[in-house]
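A look at the structure
As a plain string of letters, each chain reads:
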Amino acid sequence: MYYSYSKDLKLYQKKDTLTNIYLMVAAFLVNLATQGASLFVLDFFYRFRFFEIENIVLYYLLLFVAQDFLYWALHALGHFSRFFWAIHVTHHSSNHFNITTGFRSTVFEPLYRMIFYIPLPLMGFQVVDVLFIYLLTQMYGNIIHTQTVIKFPNWFEYLFVTPSHHRVHHASNIKYLDKNMGMVLIIWDRWFGTFQKEMPEEKVIFGITKPPVNDGLIETIFHEFKNIKEDLDKSPSLNDKLKYIFYAPGWSHDGSSQTARVMQRELKDSI
C-alpha cells in the first residue's frame, strides 16, 4: 500500500480493500465452524492409508506436489461448473488487483474443500502436515496478487505461478478467461491446456464479465446464485435447469450467452 501511494499508482481503493477484509473475516468464520469436521474427515481416511513414506524429504516433496495438483482440480471445478463458480466468483469480483485481493476469499469453499484433499491421508500424509503445507501454499498464493512485479526469469515462469500468470487469471478479457489456475506450480495448467501467458498487446482488465449490480457484501457473495435462479426460471425443461446449475458459466439453452471456451474459439477463428 505504501509503495502504491508513494508512487501514485492507485492500485488500492478504500471500499474495495474493506470489502476484501470483510470477505476474509467471513471466510475465516466459516473455516472456524467447519475445521473440526475437516480434521475429523481427513483423520478418518488416514486410518485407511495405502502406504507410508519413510524418507522425510521425499515425504514433504510429494505432499507439496500432490496437494498443489489437488488444489488445481478444486480451482478448476470452481471455473468450469457454474454452481461452484457461484461460490468462487467472489474472489474474482473486484476490479482491482493487489495484495488484499488475495484475501478476498471464497466464503463457502471450506464447506467442501476437504473432499478434494481426501487422497492425501490415503497416501499416508498426516493431517497436521497436510494443513501445514496448505498454509504455506496459501501464503504463496496470496503474495502473487500484485501488479508491481512484472516478470521473473524464464525458468521460474515455466515452473511456478507468478504475478504475471495470476494477473491473467483475474482478467475478464475473453482471451484470458479460465486460465492459470495453479496455486504454486503452473505446470498443471501447461499440461491440461489452461495456460495463458500475459500478452503485452492484451492489457489485463480485472474483474468478471457479469459484475454484481452493486458492491454490497450480500450482493458480492450471492449475486451469481441470483443469476442462476433467473436462468432456472426461464429454462424450459429439467434437463436444462440442471445444465444451468452444473455446466460451465455462460451456457444457455437458447444461445443467448456462451461459455468462455466457445467465446475463445470464436475469437481465435476471427483473427
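Note that the coordinates shown come from a computational prediction; the quantities given were computed from them, not determined experimentally.

What follows is about the overall build of the chain. Within the chain one finds 13 helices and zero strands. Each helix (α) and strand (β) of the chain, taken in turn from the N terminus, gives the series α-α-α-α-α-α-α-α-α-α-α-α-α. In terms of overall size, the chain behaves like a compact globule, its C-alpha atoms giving a radius of gyration of 19 Å where 271 residues would be expected to give roughly 18 Å. C-alpha extents for the chain along the principal axes are approximately 55 × 55 × 40 Å. Out of the 271 residues belonging to the chain, those deemed buried represent 48%.

Contact pair helix H11 (residues 217-234) / helix H12 (residues 238-246): the axes reach a minimum separation of 9 Å and the direction vectors enclose 165°. It follows that H11 is roughly antiparallel to H12 by the angle criterion. Crossing geometry of H11 relative to H12 is assigned as right-handed. Contacts from Ile-228, Asp-231, Leu-232 and Lys-234 of H11 reach H12 at Lys-241, Tyr-244 and Ile-245.

What follows concerns the nonpolar core. Within the largest apolar cluster, 22 residues are counted, with the highest numbers of intra-cluster contacts made by Leu-63, Tyr-117, Leu-120 and Phe-125. Listed by contribution, the elements that provide at least two residues to this core are helix H3 (56-80), helix H4 (82-88), helix H6 (119-122) and helix H7 (127-143). Sorting elements by how many residues they give to this core places H3 first, with six residues. Ignoring sequence-local partners within four residues, the contact set of Leu-120 consists of Leu-63, Ala-66, Gln-67, Leu-70, Phe-125 and Val-130. Of all hydrophobic cores here, the second largest spans seven residues; its members include Phe-97, Tyr-176, Met-199 and Phe-206.

Positive phi values are uncommon outside glycine, yet Asp-178 reaches one of about 60°. Among the secondary structure elements, Asp-178 is positioned in the loop between helix H9 (163-169) and helix H10 (187-192). Classification of Asp-178 by relative accessible area gives buried; the value is 18%. Of note in this structure, Asn-180 is not a glycine but carries a positive phi near 55°. Its location among the elements puts Asn-180 in the loop between H9 and H10. For Asn-180, a relative accessible area of 0% translates into the label buried.

For the structure shown, the criterion picks out twelve salt bridges. Note that Arg-167 and Glu-198 form a salt bridge whose closest N and O atoms lie 3.0 Å from each other. You can see Arg-167 sitting in helix H9 and its partner Glu-198 sitting in the loop between H10 and H11, a full 31 residues away along the chain. Each of the two residues, Arg-167 as well as Glu-198, counts as buried.

On to a nonpolar patch on the surface. A surface patch of nonpolar side chains, about 1,100 Å² in accessible area, is lined by Leu-18, Ile-21, Tyr-22, Met-24, Val-25, Phe-28, Leu-29, Leu-32, Ile-99, Phe-103, Ile-143 and Leu-217. Broken down by element, the residue count for the nonpolar patch peaks at eight residues, all from helix H2 (residues 14-46).

Criteria and cut-off values
- Within each chain, residues carry numbers counting from 1 in the order of the written sequence.
- Under the rules for a predicted model, residues below a pLDDT of 70 receive no local features and side-chain atom pairs below 80 are neither given nor counted, while totals for whole chains, interfaces and linings still include all residues.
- Heavy atoms from the whole structure form the basis of all side-chain values; hydrogens and water molecules are not counted.
- For helices the rule is a DSSP run of H or I covering at least 4 residues; for strands it is a run of E covering at least 2, with both sets numbered from the N terminus onward.
- For the radius of gyration, the atom set is restricted to C-alpha positions; the globular benchmark scales as 2.2 Å times the number of residues to the power 0.38.
- Note on classification: 1.4 Å probe, protein chains only; a residue is buried when its accessible area is under 20% of the maximum for its type, exposed when over 50%, partly exposed between these limits.
- Structural elements are reduced to axes, namely lines fitted to C-alpha atoms, with helices fitted over the stretch in contact, and the angle between N-to-C directions of any two is expressed from 0 to 180 degrees.
- Roughly parallel here means an angle under 35 degrees, roughly antiparallel means over 145, roughly perpendicular means 65 to 115, and every remaining angle is called oblique.
- Note on convention: the crossing is left-handed when the near helix lies turned anticlockwise from the far helix by less than a right angle, right-handed when the turn is clockwise.
- The criterion used for residue contact is that any of the two residues' heavy atoms lie within 4.5 Å.
- Only buried Ala, Val, Leu, Ile, Met, Phe, Trp, Tyr and Cys residues count toward a nonpolar core, and they belong to the same one when joined by side-chain atoms within 4.5 Å.
- A pair is scored as a salt bridge if a Lys or Arg side-chain nitrogen falls within 4 Å of a carboxyl oxygen belonging to Asp or Glu.
- Residues enter a patch when their relative accessible area is above 30% and they make no salt bridge; the linking distance is 9 Å between like charges and 5 Å between nonpolar side chains (Val, Leu, Ile, Met, Phe, Trp, Tyr).
- Using a 1.4 Å probe, accessible areas were evaluated by the Shrake-Rupley method; residue-level cover was limited to the displayed protein chains.

Taken by themselves, the reported measurements are silent on function.
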